[in-house]
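# Topology and contacts: notes
As a plain string of letters, each chain reads:
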Amino acid sequence: MDRIAITGFGAVSPLGTDAPSTWEALREGRSGVSRLEADWATDLPTRIAATVPDAFAESLAIREIKRLDRCEQFTLVAGREAWAMAGTPEVPGERLGVVVGTGIGGITTTIAQEHVLEDSGPRRVSPHTVTMLMGNGPAAWLSIDLGARAGARTPTSACASGAEALAMGREMILAGSADIVVAGGSEAAITGLTLAAFGQIRALSKRNDDPEAASRPFDADRDGFVLGEGAALLVLERESHARARGADILAYLDGAAVTSDAFDIVGADPSNQARTMRLALRAADLAPGDIDFVHAHATSTPTGDVNESDALAETGIHAPVTSTKSMTGHLLGASGSLSAIASIMALREGVVPPTTNIGTLDPAIKVDVVANVKREAPLRAAIVNSFGFGGHNAALVLSKA
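What you see is a predicted model; the values in this text were computed from it and never measured.

## With respect to the layout of surface pockets
One number sums up the size of the largest pocket: a volume of about 520 Å³. As for the largest pocket, its lining consists of 28 residues, and the residues nearest its centre are Val 266, Thr 299, Thr 301, Gly 304 and Phe 389. Looking at the lining of the largest pocket element by element, the count peaks at 6 residues for helix H11 (residues 302–315). A per-class count over the lining of the largest pocket returns 12 nonpolar, 12 polar and 4 charged.

## Some thoughts on the pairing of strand E4 (residues 96–101)
In the case of a regular strand, side chains alternate between the two sheet surfaces. Where burial is concerned, most of E4 is hidden: 6 out of the 6 residues are buried. Both faces of E4 are covered, namely the face carrying Leu 96, Val 98 and Val 100 and the face carrying Gly 97, Val 99 and Gly 101. Judged from the 6 bridges that link them, E4 and strand E6 (residues 180–187) form a sheet pairing that is parallel. Along E6, the bridge assignment pairs Val 99 with Ala 183. Where E4 lies against strand E5 (residues 152–153), 2 bridges are found, and the strand directions are parallel. From the neighbouring strand, Val 99 faces E5, where its bridge partner is Arg 153.

## Looking at empty space enclosed by the protein
Evaluation of the coordinates by the stated rule reveals 1 cavity of 30 Å³ or more. Put simply, the largest cavity is a space of about 40 Å³. What lines the largest cavity is Thr 324, Lys 325, Thr 328, Gly 329, Leu 331, Ser 335, Leu 338 and Ser 339. Elements that contribute at least two residues to the lining of the largest cavity include exactly helix H12 (325–328) and helix H13 (335–349).

## Examining the UniProt feature "domain: Ketosynthase family 3 (KS3)" (unreviewed entry) in the protein
Following the UniProt record, the feature "domain: Ketosynthase family 3 (KS3)" (unreviewed entry) maps to residues 1–400 here. Secondary structure across residues 1–400 divides into 34% helix and 18% strand, with the first and last C-alpha atoms of the span separated by 17 Å.

## A few points about the environment of Ser 399
Tracing the chain through its elements places Ser 399 in strand E14 (residues 392–400). Under the relative-accessibility criterion, Ser 399 is labelled buried at 6%. Sequence separation between Ser 399 and Ala 5 is 394 residues; the distance between their C-alpha atoms is 9.5 Å. Aside from chain neighbours lying at most four places away, what touches Ser 399 is Arg 3, Ala 251, Tyr 252, Asp 254, Leu 286, Leu 347, Arg 380 and Ala 381. Within the structure, the side chain of Ser 399 is placed 2.7 Å from the side chain of Asp 254, a separation counted as a polar contact.

Rules behind the numbers
Residues numbered from 1 in each chain as written. Predicted model: local features only at pLDDT ≥ 70, side-chain atom pairs only at ≥ 80, totals over all residues. Heavy atoms only, no water. 1 Å grid on protein atoms, 1.4 Å probe; cavity = no way out; pocket = protein on both sides within 12 Å on 5 of 7 lines; lining within 4 Å. Points joined across faces, edges and corners; volume = space filled by probe spheres on them. Helix = DSSP H or I, 4+ residues; strand = E, 2+ residues; numbered from the N terminus. Nonpolar A, V, L, I, M, F, W, Y, C, P; charged D, E, K, R; others polar. Buried < 20%, exposed > 50% of the residue type's maximum accessible area, 1.4 Å probe, protein only. Pairing = 2+ DSSP bridges. UniProt positions renumbered as here; feature names shortened; annotations may be inferred. Contact = heavy atoms within 4.5 Å. Polar contact = N/O pair within 3.5 Å; in protein donor to acceptor, adjacent residues only side chain to side chain.

Here you go:
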């Protein structure tokens, strides 16, 4: 069967306004977490987050800044970078698809326009509000930008959304629905409401006095995740299609699996996480021993990191494990696709980026964590995990080109 090639990618993250700057920071272990200085954050229990640098918007037109929600803007910037890296392929619109996942969508617009309504009345609400807040907005705007008419889809699967989007894009190509699919995730949900809500369920770190050390997956002293934002988009196509047009193949998406726990709205089922990884390996026709490193979902929550460690042990994967959320924070619906880009670069350079901020490894963690310092090694294949509230699970298998 024709393999699914990755021929381009783009990213907007707390570490940079494009994929190369993001990767350089990840490789070197730099943090994108900082204190929130806005007035609305003053009284929050958690007053830190990983925000995207304002410079990301320099490439956008004024109308795009005014009419698009922040997560839609992220999508256009990352999508255009990915498309340019892929060589701006000439493909009929009917054979070009878009899949952009998001966990929350245009919540910054929702909150801002609710304030406008309360303060100034209904006639002052922006006429662009609906197209800015709708969850399918990122996929819709990118499809318009690229002229994609084979489908503009939006998986909304909490923190698994970006990885599920890549799995869905792969399925579209294998089913013959499209020749090229631009897929990934976008999220811009750093607001007082989201921080307060996650805080109420004790999911967030409260290390307000030490932001850069707050996100610490697998560490014995972790106390919750750090909210991040950004977008990551990848260009997928059949290997034969890529070679026919002379494209540079960056990596292969050889396997993917999407499952649901049917267990708990917040809690996870480690056995089903293990099942998800086994299904992805089966799709790639690989064994656990063929995996050279794991990009874990590991968000820095006390229970979640142990659950994933148990799942990896049950799967029989004994490769080195890392989580770049220690530097980027948790991008929710964009986390899986950004992890995929980090993993592609790791495969290409033979460098596993570190999980930073590990002082003492939690003794309950049963995996070989790449702690604090990057690790160089020959790398052929990686697995990327994404798990979301609601029991949404996605696993991707990437192979070196």
